[in-house]
Amino acid sequence: MTTVSPFARSSAFEEPRLQGREQTIEEMYSIPESFLEIEVRNPQTHGYSRKMYTDYEIVCRTNIPAFKLRHSSVRRRYSDFEAFRDILERESTRVNIPPLPGKVFTNRFSDEVIESRREGLERFLSIVAGHPLLQTGSKVLCAFLQDPGWDKSQWL
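Attention in this report is confined to the structure presented alongside it. Quick caveat, the model's predicted, so the values are computed rather than measured. (Residues numbered from 1 in each chain as written. Predicted model: local features only at pLDDT ≥ 70, side-chain atom pairs only at ≥ 80, totals over all residues. Heavy atoms only, no water.)

### What about the pattern of salt bridges?
This is how the line gets drawn: Throughout this description, the term salt bridge denotes a Lys or Arg side-chain nitrogen within 4 Å of a carboxyl oxygen of Asp or Glu. To qualify as a helix, a DSSP run of H or I must reach at least 4 residues; to qualify as a strand, a run of E must reach at least 2; elements of each kind are numbered from the N terminus. When a residue's accessible area, from a 1.4 Å probe over protein chains only, is under 20% of the maximum for its type it is buried; when over 50% it is exposed; and in between it is partly exposed.
Tallying each qualifying case throughout the model produces 10 salt bridges. A salt bridge links Arg75 to Asp55, with the shortest nitrogen-to-oxygen separation between them at 2.9 Å. Placement of Arg75 in strand β3 (residues 71-77) and of Asp55 in strand β2 (residues 53-62) is noted, with a sequence separation of 20 residues between them. For the salt bridge of Arg118 with Glu115, the shortest nitrogen-to-oxygen distance reads 2.8 Å. Note that Arg118 and Glu115 are positioned in helix α3 (residues 111-129) at a spacing of 3 residues, about one turn of the helix. What makes Arg118 buried here is its relative accessible area of 14%.

### Points about the packing of aromatic side chains
Defined as follows: Only centres within 6.5 Å qualify two rings of Phe, Tyr or Trp (six-membered ring in Trp) as a pair; their planes then separate them into stacked at under 30 degrees, edge-to-face at over 60, and tilted for everything else. Only when the NZ of Lys or the CZ of Arg is both within 6 Å of the ring centre and within 35 degrees of the ring normal is a charge said to sit over the ring.
Under the defined criterion, the tally for this structure stands at 4 aromatic pairs. Centroid distance Phe84 to Phe144: 4.1 Å. Interplanar angle 5°. Geometry classified as stacked. With Phe84 in helix α2 (residues 78-91) and Phe144 in helix α5 (residues 139-146), this pair connects stretches of sequence that are 60 residues apart. The residues Phe84 and Phe144 share a single accessibility class, namely buried. Residue classification places Phe144 among the buried positions, given a relative accessible area of 0%. Each member of the aromatic cluster is reached from another via a ring pair, and the members are Phe81, Phe84, Phe124, Phe144 and Trp150. Taking NZ or CZ as reference, Arg76 lies 5.1 Å from the ring centre of Phe144, over its face.

### So, the side chain of Asp55
How we decide: Distance and chemistry together define a polar contact, namely a pair of N or O atoms within 3.5 Å, with one atom able to donate a hydrogen and the other to accept it when in protein, and with adjacent residues in sequence counting only for side-chain atoms on both sides. Note on definitions: a residue-residue contact is assigned when non-hydrogen atoms from the two residues lie within 4.5 Å.
Assessed through its relative accessible area of 11%, Asp55 is described here as buried. Among the polar contacts made by the side chain of Asp55, one reaches the side chain of Arg75 at a distance of 2.9 Å. Discounting residues that sit within four places of it in the chain, Asp55 has contacts with Asn42, Pro43, Gln44, His46, Arg75, Arg76 and Arg77.

### Points about the environment of Leu100
Positionally, Leu100 belongs in the loop between α2 and α3. Separated by 22 residues in sequence, Leu100 and Glu122 have C-alpha atoms that sit 9.8 Å apart. Ignoring anything within four residues of it in the chain, the contact list for Leu100 reads Tyr78, Phe81, Glu82, Arg85, Leu121 and Phe124.

### Comments concerning the sheet that holds strand β1 (residues 36-46)
Convention followed: Between any two strands, at least two bridges found by DSSP are needed for them to pair. Helix axes are fitted only over the stretch in contact, all axes being lines through C-alpha atoms; the angle between N-to-C directions runs from 0 to 180 degrees.
Overall, antiparallel pairing links the 3 strands, which are arranged β1-β2-β3 in an open sheet. Where the open sheet ends on each side, the last strands, each with one partner, are β1 and β3. The mean inter-strand angle of the sheet, taken between neighbouring strand axes irrespective of direction, is 20°. Pairing between β1 and β2: 9 bridges, direction antiparallel. Bridge pairing in β2 places Gln44 opposite Asp55.

In structure tokens:
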């Protein structure tokens with residue numbers, strides 16, 4: 001008697017592949033039905049001595065109806081991101097909000113640290129803004145990404 005491994009492939013479980021049609025050139029290269037692009041760029045350090053801080057430009061391009069503007073650009077500093085994340089966590093108890101890149105206490109104004117933080121903030125925003133429940137249910141998300149006058153005290 002031959003034994004068959006439970007991990008062996010069996011044609012009994014294979015379903016026939018759906019025969020789809022080829023995509024047209026227009027479908028391949030046209031604007032997707034819904035898109036969201038978030039870029040964190042152009043870090044700028046301001047102030048001097050103990051009053052120094054860095055802010056980042058957030059550029060948002062989208063055609064998702066939940067966002068008021070199709071294209072926007074705002075500047076935010078790290079403390080704004082911290083407040084935004086806290087507000088999101090309180091507002092959206094059903095969604096696990098990812099962590100921000102960690103606080104830095106030494107060499108925080110070096111090019112390497114600023115670039116590493118910029119990448120982390122961009123990753124954070126892409127995850128948060130791309131979440132369907134937050135896109136439709138969060139009041140603070142669109143304001144943070146698109147309102148140049150955003151103030152954390154309005155949300156606390």
